[in-house]
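Geometric and topological summary
Letter by letter, the chains look like this.
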Amino acid sequence: MSADETGLTFLDRPNSYIGRSVPRPNARRLLQGRGIYVDDLKLPRMAHVAFLRSPYPHARIRGIDTAAAKAAPGVFAVVTGAEMARVCTPWVGVLGHFKGLKSAPQYPLAIDRACWAGEAICAVVAASRAEAEDAVALLAADLEELPAAVEMERALDPDETVIHPDLGDNLAFERLLDVGEVDAAFRDAAVVVEETFQVGRHTGVCLEPRAILADWDAGEEKLTVHHSFQAPHMMQDILCKHLGLPEASVRVVCKDVGGSFGIKVHIYPDEMATVALSLMLKRPVKFVADRLESFTSDIHARDHRVKGRMAFAADGTILAAEIDDLTGIGPYSVYPRTSAVEANQVVNLVGGPYRHRNYRARARVVFQNKTPMCQYRAVGHPIAVMVTEGLVDLGAARLDIDPVEIRRRNVIPDDAHPSTAASGIRFEQLSHQAALARLVEMMDYPALRAEQAALRARGIHRGIGLATFVEITNPSAAFYGVGGARISSQDGCTLRLNPQGGVVAAIGVTEQGQGTEAIVAQVVATAVGVPMEQVRVVTGDTDATPYGGGTWASRGAGIGGEAAWQAGKALRQNVLVVAGAILQADPASLDLRGGRVVDAATGTERMPLAELGRIAYFRPDTLPPGLQPEFVVTRHYVPKDYPFAFTNGVQAAWVEVDPDTGFVRLLRHWCVEDCGTVLNPQLVDEQIRGGIVQGIGAALFEECRYDRTGQFLNATMADYLVPMAAEMPDIAVAHVVSPTLSSEIGAKGAGEAGTAGAPAAVINAINDALRPLGARVTSQPASPEVILRALGRV
Amino acid sequence: MDGASMDRVRDVTLWVNGERVSRRVAVRTHLVDFLRVELELTGSHLGCEQGVCGACTVRVDGVAVRGCLMLAVQADGARVETIEGLSDSGAIADLQAAFHARNALQCGYCTPGMLVSAAELLAANPAPTRDEIRAHISGNYCRCTGYHAIVDAIETTAAARRGEGGAA
């Protein structure tokens, strides 16, 4: 953080809201049930769409008899893929910076062929959702089931079905990396450990399903789309492109969003179809996924098999790492971010916290006839951390070095930054050593080890698992823009001072419950010098906010926050110029604090802001000639010094494993992380806690289970297990603060740290508990069955 | 109202948030669709429509129920309270304030149902342990918070109601 023109950092500013756990102003209405989610909206002449979805993982669509559905009560239209293709053009999920990435054109409704069980193949629009569903049941689809490519391990076999024959094979993308002298390092190592890790396919399970309400006004030629989504400007751009509309004709509004986690940042065929239907029918059309549709058509995540090796010197020094990652992404690379990013991140992130210089990686991304896979909270991180930390623990065990000690010996030292990891990722400033020290102190590690030993003697099997990690936040254009994706990495904030001293802040980052609007209000109130209650924040509306990327990849606070800070400083300066003219004082001798113009040196009030507003807006005739108050300012920010602002942290889990049942009881969980400046400690801590529990879900419970034919077996909330309150532990969170120097506020992201590290910590803890029993688990979720199999008991 | 079932409708009268409501409803309409679509009480949410997630939890004749597992016709003659009524009456204002102060909600979609469940617990057990709180809300899925803050907020409210201070 740097001092501004008044010589103060924001921490010195009187009445600073930064660093305070201010409650979220916009949470109160949610507590009263007054949120406005997309399904809460009702528009005149609004219709509802339901989709016929393929029951087969792979099927030729020979034809669909729509006559009975068209005649059903309440039905306005039945639309097939071919009919819809006349309105909406297809897309291909590739990006230029992923060399060789390939995918096939994808349509809003499948035309000739369905490629996963759950792909929409026909749409019915009716007066109510119930009537639309009734009519879907009357559609007679003539489908020929085709052989399906299901298992990712078999996707590249010569005899496997090639899903898109035009592409030649099922390999969507491959990345190879070879750094340093890997073979020599392994040859000369004192110890080499090796393991194959499996990370199951899971999904986001947002409590609010995906939802979109498209309203084409043929008179105004204006499309308004209410969308449960994270990136309104991206959606606007894509709608323009595929529906052939000028930018000025498309408005995307994203108000309350009931959870997203990366699920609601992708282009979904059924959502594009809904918008196209509104154009076709010239009336509002709403689509809200039901839970079955959510499970089978929301993007899935993970599904990786990673073979990993790590070489150690006798003193525990990591000499080299090598991985071979295989991941299945379903039949299409998802538009526009592509489905190559997760594997790419795994390659970038394995070994990230450590000093070794030798690293080789291969990642292969393959097509399969399952629900498409794409970016979900902590993209790639949980896989890379599980592999890295699992291998480190194996090495520690072989060398009889304590897990804390081996990490202490290998992390990149806090004073060695800026630095570069073996994979090439660049770190401005990390704090692994400080974080590890803080964690050991917070959990009282020696006492916990003593307790573990005492309990082991009584046949109680508890384990401690550690996971050191780095997290990608505040992405620059290096993430998507360089590859040709029209996804903004910059964000703007516009501030307007109103006559009574209220400030309206419109900003490109969006809110899905993280607290975006709260931190923007905190930053603006602090920068301008007004009470936070005087700040109204507007997000999620392409007609109303500056252009921006939205909220994803832990960018809201770091990028949106800095734009808000710069805008706030500029507005304060403009206000002080006018105040100086009115008060016949040097603007530099004045400040704005708590909604009052004060003498900067003494803090004595010179004029209320409301009086200045009155003069500027209603009596500008009394101002000196030539002085035009400019009480609307806009500032933008994009990180430029580094491609990403990496954060770091370390987590620990304390678990008990019942070797008779395979059940894992989570006793405690700790996290120390470093997201730079903490704008609102409570909001950051709750991001960490929520993320940890999401990671625990992946580690222990969550899995999209498919049978060999490609049918999704557990697509209900009763069968797909998610973390519920009774099984979750209390979670302790602490921070080390290394602000980024790339911005004045110094904030990095915190949204994904919890999910990045929790699975590895839990799996390592289970293995620590199982060690005396000679068993080890290497797959997520580590269900009771997995644990009992590891123990040889089933 | 679902037009396809116009031939299968029934007249119902019930009291919703203290107001008498009479409507003709399709018999297949579940209570939360009725509340949301017919009465525009959109504070009760749908997450799974099979009684698992708890987002639709409302109070019927004083008992917390899954609104998606009850048909609107079954509520004929009943007294239904939703988050809107509980908010406007001030009945759970302390709980809501504690949730707000502790940031025991993020996206807010689970929150109305979570509050109804929490209020039911506090009415029955003025001094629940953290484990008892966790057990009682274990039918309310929250993807955002990880539950810790929710448990804190309920615990704080219980303590405050017992006069042990710390109320938000």
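First things first, this report covers the structure right here in the doc. (Residues numbered from 1 in each chain as written. Chains lettered and ligands numbered in written order. Predicted model: local features only at pLDDT ≥ 70, side-chain atom pairs only at ≥ 80, totals over all residues. Heavy atoms only, no water.)

This next bit is on the overall build of chain B. Scanning chain B for helices and strands turns up six helices and five strands. In terms of C-alpha radius of gyration, chain B reaches 17 Å, essentially the compact-globule figure of 15 Å for 168 residues. Oriented by its inertia axes, the alpha-carbon framework of chain B measures out at about 55 × 30 × 20 Å. Burial statistics for chain B: of 168 residues in total, 58% are counted as buried. Contacts in chain B between residues at least 24 apart in sequence constitute 53% of all its contacts with a sequence separation of at least 6. If you average the places of the 16 positive and of the 20 negative side-chain charges in chain B, the two averages end up 2 Å apart. (Helix = DSSP H or I, 4+ residues; strand = E, 2+ residues; numbered from the N terminus. Rg over C-alpha atoms; globule rule 2.2 N^0.38 Å. Buried < 20%, exposed > 50% of the residue type's maximum accessible area, 1.4 Å probe, protein only. Contact = heavy atoms within 4.5 Å. Lys, Arg positive; Asp, Glu negative; His and termini not counted. Charge placed at Lys NZ, Arg CZ, Asp CG, Glu CD.)

We now examine the nonpolar core. Judged by nonpolar contacts, the single largest core of 204 residues is most densely connected at L223, L239 and I766 of chain A together with F99 and I154 of chain B. Sorting elements by how many residues they give to this core places helix α18 (residues 753-770) of chain A first, with 11 residues. Residue contacts for I766 of chain A: discarding those within four places in its chain leaves V655, V657, V664, L700, V777, A782 and I787 of chain A. Counting 52 residues, the second-largest nonpolar core is a separate cluster that includes V524, A564, A570 and V597 of chain A. (Core = buried A, V, L, I, M, F, W, Y, C linked by side-chain atoms within 4.5 Å.)

Moving on, we come to the environment of A301 of chain A. Relative to the elements of secondary structure, A301 of chain A occurs in strand β13 (residues 300-312). C-alpha of A301 of chain A to C-alpha of S339 of chain A: the two residues are 38 residues apart in sequence and 9.5 Å apart in space.

Next up on the list: the layout of surface pockets. By rolling a water-sized probe across the atoms, one finds the places where empty space is left. Considered as a void within the structure, the largest pocket measures approximately 1,100 Å³ in volume. Taken together, 41 residues form the lining of the largest pocket, with D39 and R129 of chain A together with D33, V37 and L46 of chain B sitting closest to its centre. Breaking the lining of the largest pocket down by element, the ones donating at least two residues are β1 (47-53), α4 (129-136) and β12 (285-288) of chain A together with β2 (19-26) and α1 (31-38) of chain B. The leading source of residues in the lining of the largest pocket is α1 of chain B, at five residues. Residues that form the lining of the largest pocket fall into these classes: 18 nonpolar, seven polar and 16 charged. Of the volumes computed, that of the second largest pocket is approximately 770 Å³. (1 Å grid on protein atoms, 1.4 Å probe; cavity = no way out; pocket = protein on both sides within 12 Å on 5 of 7 lines; lining within 4 Å. Points joined across faces, edges and corners; volume = space filled by probe spheres on them. Nonpolar A, V, L, I, M, F, W, Y, C, P; charged D, E, K, R; others polar.)

Take helix α6 (residues 232-243) of chain A next. All names here are of chain A. Taking 1.5 Å as the rise per residue, α6 with 12 residues should run 16 Å; its terminal C-alpha atoms sit 16 Å apart, in good agreement. With 11 of its 12 residues buried, α6 lies for the most part within the structure. By the burial criterion, the buried members of α6 are P232, H233, M234, M235, Q236, D237, I238, L239, C240, H242 and L243. (Expected span 1.5 Å × (residues − 1).)

This part takes up the packing of helix α17 (residues 681-701) of chain A against α18 of chain A. All names here are of chain A. Relative orientation of the contacting elements α17 and α18 amounts to 45°, with a least axis distance of 7 Å. In terms of their interaxial angle, α17 and α18 are classed as oblique. Considering only the axes of α17 and α18, their crossing is right-handed. Between α17 and α18, the residues in contact are I688, G691, I692, Q694, G695, I696, A699 and L700 and A753, G754, T755, A758, P759, V762, I763 and I766, respectively. Class assignment for the residues of the contact of α17 with α18 results in 11 nonpolar, five polar and no charged. (Axes fitted to C-alpha atoms, helices over the stretch in contact; angles between N-to-C directions. Parallel < 35°, antiparallel > 145°, perpendicular 65-115°, else oblique. Left-handed = near helix turned anticlockwise from the far one by under 90°.)

Next up on the list: the state of the cysteines. Linking two cysteines covalently via their sulfur atoms produces the bond known as a disulfide. Residue and element names in this part refer to chain A. Under the criterion given, the structure shown has zero disulfides over all chains. Between C122, a free cysteine, and C88, which holds the nearest cysteine sulfur, the sulfur-to-sulfur gap is 16 Å. Cysteine C704 shares no disulfide, and the gap to the nearest cysteine sulfur, in C206, comes to 13 Å. (Disulfide = S-S within 2.5 Å.)

This part covers the pairing of strand β20 (residues 503-507) of chain A. Residue and element names in this part refer to chain A. Along β20, five of the five residues are buried, which leaves the element largely enclosed by surrounding structure. Burial of β20 is two-sided: the residues V503, A505 and I507 facing one way and the residues V504 and A506 facing the other way are all buried. Strand direction decides the pairing type here: strand β19 (residues 491-497) and β20, joined by five bridges, are antiparallel. Along β20, the bridge assignment pairs R496 with V504. The antiparallel pairing of β19 with β20 creates a hairpin that spans five residues between the two strands, and G501 there sits at a positive phi of about 100°. Of the pairings in the sheet, the one linking β20 to strand β21 (residues 535-538) comprises four bridges and is parallel in character. What sits directly across from V503, in β21, is V535. In this fold, β20 hands off to helix α14 (residues 516-528), which returns the chain to β21; that crossover is right-handed. (Pairing = 2+ DSSP bridges. Right-handed = clockwise from strand over helix to strand, strands pointing away.)

Strand pairing within a sheet occurs via backbone hydrogen bonds; the two strands may be parallel or antiparallel. Residues and elements named next belong to chain A. A sheet is described by the order of its strands in space; here four strands give the open sequence β21-β20-β19-β25, paired in mixed fashion. Each end of this open sheet is capped by a strand with a single partner; those strands are β21 and β25 (632-637). Strand-to-strand, the axes of this sheet are offset by a mean angle of 20°, without reference to chain direction. Sheet contacts for α14: β19, β20 and β21; angle to β21, the most-contacted strand, approximately 135°. Contacting β19, β20 and β25, helix α15 (residues 556-583) runs over the sheet at an angle of about 145° to β25.

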